[in-house]
Amino acid sequence: MDFNLTEEHLMIQQAARDFAQNELLPGVIERDEKQIFPAEQVKKMGELGFMGMMVDPKYGGSGLDAISYVIAMEEISKVDASASVVMSVNNSLVCWGLQEFGTEEQKQKYLPGLASGQIHGAFCLSEPEAGSDATSQKTTAIDMGDHYLVNGTKNWITNGNTASVYLVIAQTHPELKHKGINALIMTKDMPGFEVGPKEQKMGIRGSDTHSLMFTDVKVPKENRIGEDGFGFKFAMKTLAGGRIGIASQALGIASGAYELALKYSKERKAFGTEICNHQAIAFKLADMAVNIEAARHLCMKAAWDKDQHKNYDVSGAMAKLFASQVAMDTSVEAVQIHGGNGYVKEYHVERFMRDAKITQIYEGTSEIQKIVISRAVIAG
C-alpha cells in the first residue's frame, strides 16, 4: 500500500494546476455570471490531453490511468467546475463508453476527435419522466430494418448545444422494459434533431445545459452501441465510471473552497488577531481538512479499483456520495469564514457553494448512491 503519487502523477497534477490558475481563473467570474461556455479553455484542455485522458493513444488519447484523471479533475475543479464537468462527461461517459463498448469502426470514427478536444460529446439519458428511474425511457428508437427512427426528449444534457457526438439512450422494445433499451450514436446534423433553450442554472453556469428534441430522426443501424437491448446496461456501466469523475469534481470544489477559506482566515483580523487563531474558525478548518482528505482517499480508491479492473460500482458510489456532501459542507463553511465577503462574487466562495449542490444530484443523486451501497452491504 503506497500513498505516494508517482512522478508522472505529480507532473499531471502540476500541469492541471498551472492550467487552472493561468487559463481558467482569469474570467471565471464573468463566465459564471453571463453563462459563457469556456470554449477556448476547453480547446486548450484538449491540446493538453485532458479531454481523452484514459483513451488509448492509438485513438489519439493520453493513455493514462483513472488515478491521473482524478488528480487532474480535482485541480481543474478547484477553479472552474463548469470547465471540469465538460471534461468529466467527455472522459467518463462518452470516450470511455465508446472505447469500452463501441465497434472498431465507431472508435476510429469518433474517438480521435473527442480525445483531442477538437470535438466533444454528450451523454443523453435523463428525460422529463426518467431521472433517477432511468428504466422509464419514453424516447423511442423504432427498428426500421437498416436504421432506427428516434422520437422523444432528453433533459439536462451537459454539452447539449456545443457537442458534436451524442450517446442517446432510447427504448426499442417496450415489452422487454429495461432489456429492450438501446444506446445510439447521434449527431446534431441529423434531420429532426433539435436543441432546446439553454437552462438557467443556479451553479456550473458556464457549462452548456439544454434539452434535446428528436422528431423522426433516422439513425443508421451501425450507430448502435453493442447488441440489441444492451443500452440500459451500457448506461449503468458508463455511469458507474462517471461517478468517479463527479466525485473528483466535488473533491476539487471542496479543496478550492477550503484553500480560499484558509488563506482568508490568515489575512482577516478580528478582535486583535487573525481569525484563524480563534477556535471557532480553527475547528472549522480542521473539520474541512479531515473531510477533504477522506474524500480524496475514497476517490483514489475508486480510481484504483477501476485501474485494477475490479468492480468499482460501490467504491465509486461511496466516493460520489461522500465527496459531494463534503463539497456542500465545505463550501458553506468557506462562505461563513469569509463573513460578508463570502456573499460577494469576487471572493469566489459563493460560486463554489452554488456549484457544489449539483454534485449531489447529477450522474445519480445521493439517494441513488445509498441504494447502490445499501444493496451491496446487505448482500454481503
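Residues numbered from 1 in each chain as written. Predicted model: local features only at pLDDT ≥ 70, side-chain atom pairs only at ≥ 80, totals over all residues. Heavy atoms only, no water.

Enquirer: Can you explain helix 8 (residues 279–307)? Please cite residues and give values.
Expert: Taking 1.5 Å per residue as the helical rise, helix 8 with its 29 residues ought to reach 42 Å, and the 42 Å between its terminal C-alpha atoms agrees with that figure. Of all the positions in helix 8, only Ile281, Leu285, Met288, Ile292, Ala295, Cys299, Met300, Ala302, Ala303, Asp305 and Lys306 are classed as buried. Those residues of helix 8 that are buried lie in contact with helix 4 (66–77), helix 5 (81–101), helix 7 (231–267) and helix 9 (313–338). Once helix 8 ends, the next one or two residues include His309, with phi positive near 60 degrees. (Helix = DSSP H or I, 4+ residues; strand = E, 2+ residues; numbered from the N terminus. Expected span 1.5 Å × (residues − 1). Buried < 20%, exposed > 50% of the residue type's maximum accessible area, 1.4 Å probe, protein only. Contact = heavy atoms within 4.5 Å.)

Enquirer: Got a sec to walk through the UniProt feature "domain: Acyl-CoA dehydrogenase/oxidase N-terminal" (unreviewed entry) in the protein chain? Specific residues and values, please.
Expert: UniProt's entry tags residues 6–118 with the feature "domain: Acyl-CoA dehydrogenase/oxidase N-terminal" (unreviewed entry), counted in the numbering of this structure. Helix makes up 71% of residues 6–118 and strand 0%. Its end C-alpha atoms lie 29 Å apart. (UniProt positions renumbered as here; feature names shortened; annotations may be inferred.)

Enquirer: Please set out the environment of Arg17 residue by residue, giving values where relevant.
Expert: Within the secondary structure layout, Arg17 lies in helix 1 (residues 7–24). The spacing of Arg17 and Ile76 is 59 residues in sequence and 6.7 Å in space, taken between C-alpha atoms. Those residues in contact with Arg17, other than ones at most four positions away along the chain, are Glu75 and Lys78.

Enquirer: Residue-level account of the UniProt feature "domain: Acyl-CoA oxidase/dehydrogenase middle" (unreviewed entry) in the protein chain, with values.
Expert: Residues annotated in UniProt with the feature "domain: Acyl-CoA oxidase/dehydrogenase middle" (unreviewed entry) correspond here to residues 122–217. Taken end to end, residues 122–217 has its terminal C-alpha atoms 17 Å apart, with 0% of it in helix and 50% in strand.

Enquirer: So what's going on with the pattern of salt bridges? Residues and values would help.
Expert: Taken as a whole and judged by the stated rule, the model has 17 salt bridges. For Glu75, the salt bridge goes to Arg17, with nearest N and O atoms at 3.0 Å. Pair noted here: Glu75 is in helix 4 and Arg17 is in helix 1, with a separation of 58 residues, a long-range link. Judged by relative accessible area, which is 31%, Arg17 ranks as partly exposed. The shortest N-O distance in the salt bridge between Glu74 and Arg296 comes to 2.6 Å. Pair noted here: Glu74 is in helix 4 and Arg296 is in helix 8, with a separation of 222 residues, a long-range link. (Salt bridge = Lys/Arg side-chain N within 4 Å of Asp/Glu carboxyl O.)

Enquirer: Summarise the side chain of Arg224; cite the residues concerned and give the values.
Expert: Structurally, the position occupied by Arg224 is in strand 8 (residues 224–225). Among buried Asp, Glu, Lys and Arg side chains, Arg224 stands out as unpaired, with Asp228 the closest opposite charge at 4.3 Å. Within polar-contact distance, the side chain of Arg224 engages the backbone oxygen of Gly226 at 3.0 Å. Other than its neighbours up to four places away in sequence, Arg224 contacts Gln106, Tyr148, Asn182, Ala183 and Leu184. (Lys, Arg positive; Asp, Glu negative; His and termini not counted. Polar contact = N/O pair within 3.5 Å; in protein donor to acceptor, adjacent residues only side chain to side chain.)

Enquirer: Hey, could you go over unusual backbone geometry for me, with residue numbers and the actual values?
Expert: Phi at Ile204 is positive, roughly 30 degrees, even though this residue is not glycine. By secondary structure assignment, the location of Ile204 is in the loop between strand 6 (193–198) and strand 7 (209–220).

Enquirer: Describe the nonpolar core, and please don't skip the residues or the numbers.
Expert: If you look at soluble globular proteins, the nonpolar side chains tend to sit buried side by side. The biggest cluster of nonpolar side chains holds 89 residues, and the ones touching the most others in it are Met45, Met87, Leu98 and Leu167. Of all the elements, helix 7 adds the most residues to this core, at 16 residues. Once residues lying within four places of it in the same chain are set aside, the contact partners of Met45 are Phe19, Phe50, Met51, Ile76, Ala83 and Met87. Core analysis: the next-biggest nonpolar cluster, separate from the first, contains 18 residues, Ala141, Tyr148, Ile157 and Val219 among them. (Core = buried A, V, L, I, M, F, W, Y, C linked by side-chain atoms within 4.5 Å.)

Enquirer: Requested: an account of the pairing of strand 1 (residues 121–124), with residues and values cited.
Expert: Alternating positions in strand 1 separate into two faces, Gly121 and Phe123 on one and Ala122 and Cys124 on the other, with burial throughout. Here strand 1 pairs with strand 4 (residues 165–171) via four bridges, running parallel. Paired with Ala122 across the strands is Tyr166, a residue of strand 4. (Pairing = 2+ DSSP bridges.)

Enquirer: Can you explain helix 10 (residues 349–358)? Please cite residues and give values.
Expert: The buried fraction of helix 10 amounts to seven of the ten residues, a majority that puts the element mostly inside the structure. The set of residues buried in helix 10 consists of Val349, Glu350, Arg351, Phe352, Arg354, Asp355 and Ala356. On its buried face, helix 10 sits against helix 2 (28–34), helix 4, helix 5, helix 7 and helix 9.

Enquirer: Which residues make up the packing of helix 5 against helix 7, and what are the values?
Expert: Following both chains from N to C, one finds helix 5 and helix 7 inclined at 155 degrees, their axes separated by 9 Å at the closest point. Considered as vectors, helix 5 and helix 7 are oriented roughly antiparallel to each other. Our pair here, helix 5 against helix 7, has a crossing hand that is right-handed. When helix 5 is examined against helix 7, the residues Ala81, Ser84, Val85, Ser88, Ser92, Leu93, Trp96, Gly97 and Phe101 are found in contact with a partner set consisting of Phe234, Lys237, Thr238, Leu239, Gly241, Gly242, Gly245, Ile246, Gln249 and Ile253. (Axes fitted to C-alpha atoms, helices over the stretch in contact; angles between N-to-C directions. Parallel < 35°, antiparallel > 145°, perpendicular 65-115°, else oblique. Left-handed = near helix turned anticlockwise from the far one by under 90°.)

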